[in-house]
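The primary structure of each chain is shown beneath.
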Amino acid sequence: MFENLQDKLNKAIKTLKGQGRITEINVAATIKEVRRALTDADVNYKVAKDITDRIRDKALDRKVLISVEPGQLFVKIVQEELTELMGGEAQGINIKGDPAVMLIAGLQGSGKTTFSGKLAAYLKKQGRTVLLVAADIYRPAAIDQLKVLGEQVGVEVYSEPDNKNAVEIALNGIAQARKTGKKVVIVDTAGRLAIDEVMMQEIEDLKRAISPSETLFVVDSMTGQDAVNTAKTFNERLNFDGVVLTKLDGDARGGAALSIKTVVNKPIKFISTGEKMEALDVFYPDRMASRILG
Ligand code: GDP
């Protein structure tokens, strides 16, 4: 995960680590390399500039300058700033209501349906009763895909193959959950290949109709800066609660993970690292920062 970024950051920091003393001159050189490592990893330019400015200011603090191991302190500063950049504390999801409703949104191919299955398995493991609802009215195959996943994780799937009204399907699903005593409903929605007005209006209407306690936006981390831009557009319309970053097992460069929180001001809540139902992790900014620093 993020090997390139990891490599470049470590190279940048290494020169400083070897020095017995930190001076304004060698900090400036390192900062420049750290910034380049971040922008090369597709981190939004302003985000990269802001974080490196903060790292520089902290590194030039008197305490660091006169410390015995300034290099170590520098690494600690970078670690803290990366953690902060990704949101600081881990953020859980809101599970409220009877049943609690989770709305899953994102572009087609982002990994929504796969994530819906994983979330169902995750919540089931916590002892909750779950119903998956297939509200993708454009891709009949999506219903079958969700059914297969539901079967794999042992969670029932509600669908209405002949109904083209996503709001109706979702509301009927919620009613079904209530009738059968399920405590959580996960609504998997339709995604298009690109953002378009009809799709945005639909998902907005759906959200208004079903009042989810948690709306999660799923995005493919491999799409770099596009991931951040798509997140911004979805957030303007949906005001979602959190982000799910998928395909982190691929060769994503890290830009989305590092920029989304600052640009969109919504936390990453889960990361998906594979096609298997177990490949889901709660997102911990500090752990990710440690990982990035190797
Ligand atoms: P949707 O159109 O948003 O519902 O996307 P899908 O859930 O159908 O996922 C699209 C493709 O990406 C499928 O082939 C999934 O198996 C794959 N996929 C989903 N999440 C991940 C992930 O975290 N890692 C990898 N490698 N593949 C994933």
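Residues numbered from 1 in each chain as written. Predicted model: local features only at pLDDT ≥ 70, side-chain atom pairs only at ≥ 80, totals over all residues. Heavy atoms only, no water.

For the chain, the name recorded in an unreviewed UniProt entry is Signal recognition particle protein, with Spirosoma flavum as its organism. Quoted verbatim from the Catalytic activity (unreviewed entry) heading of the UniProt record, the comment on the chain is "GTP + H2O = GDP + phosphate + H(+)". Check the Subunit (unreviewed entry) section of the UniProt entry for the chain; it says "Part of the signal recognition particle protein translocation system, which is composed of SRP and FtsY." (UniProt positions renumbered as here; feature names shortened; annotations may be inferred.)

Turning next to the site of the ligand. Close to the ligand lie 16 residues, the nearest being Gly-109, Thr-113, Thr-114, Ser-272 and Glu-275. Between an oxygen atom of the ligand and a main-chain N or O atom of Ser-110, the distance comes to 3.2 Å. Separating an oxygen atom of the ligand from a backbone N or O atom of Lys-247 is a distance of 3.0 Å. Here the element with the most residues in the shell around the ligand is helix α6 (residues 112-125); it accounts for three residues. (Near = heavy atom within 4 Å. Polar contact = N/O pair within 3.5 Å; in protein donor to acceptor, adjacent residues only side chain to side chain. Helix = DSSP H or I, 4+ residues; strand = E, 2+ residues; numbered from the N terminus.)

Quick look at the UniProt feature "domain: SRP54-type proteins GTP-binding" (unreviewed entry) in the chain now. When the UniProt feature table is mapped onto this chain numbering, "domain: SRP54-type proteins GTP-binding" (unreviewed entry) sits at residues 267-280. End-to-end, the C-alpha atoms of residues 267-280 are 16 Å apart, and along that stretch the chain is 0% helix and 43% strand.

Moving on: the sheet that holds strand β4 (residues 184-189). Read across the sheet, eight strands follow the order β3-β2-β4-β1-β5-β6-β7-β8 without closing on themselves; strand pairing throughout is mixed. Looking along the sheet, the strands with just one partner apiece sit at the ends: β3 (156-158) and β8 (280-282). With direction set aside, neighbouring strand axes in the sheet form an average angle of 25°. In the sheet, strand β7 (residues 268-272) pairs with β8 via three bridges, with the strands oriented antiparallel. Opposite Phe-270, over in β8, you have Val-282 as the bridge partner. Against the sheet, α6 contacts β1 (100-106), β2 (130-135), β4, β5 (214-220), β6 (242-246), β7 and β8, and its axis sits at roughly 170° relative to β4. Along the sheet, helix α11 (residues 255-264) contacts β5, β6 and β7; its crossing angle with β6, the most-contacted strand, is approximately 170°. (Pairing = 2+ DSSP bridges. Axes fitted to C-alpha atoms, helices over the stretch in contact; angles between N-to-C directions. Contact = heavy atoms within 4.5 Å.)

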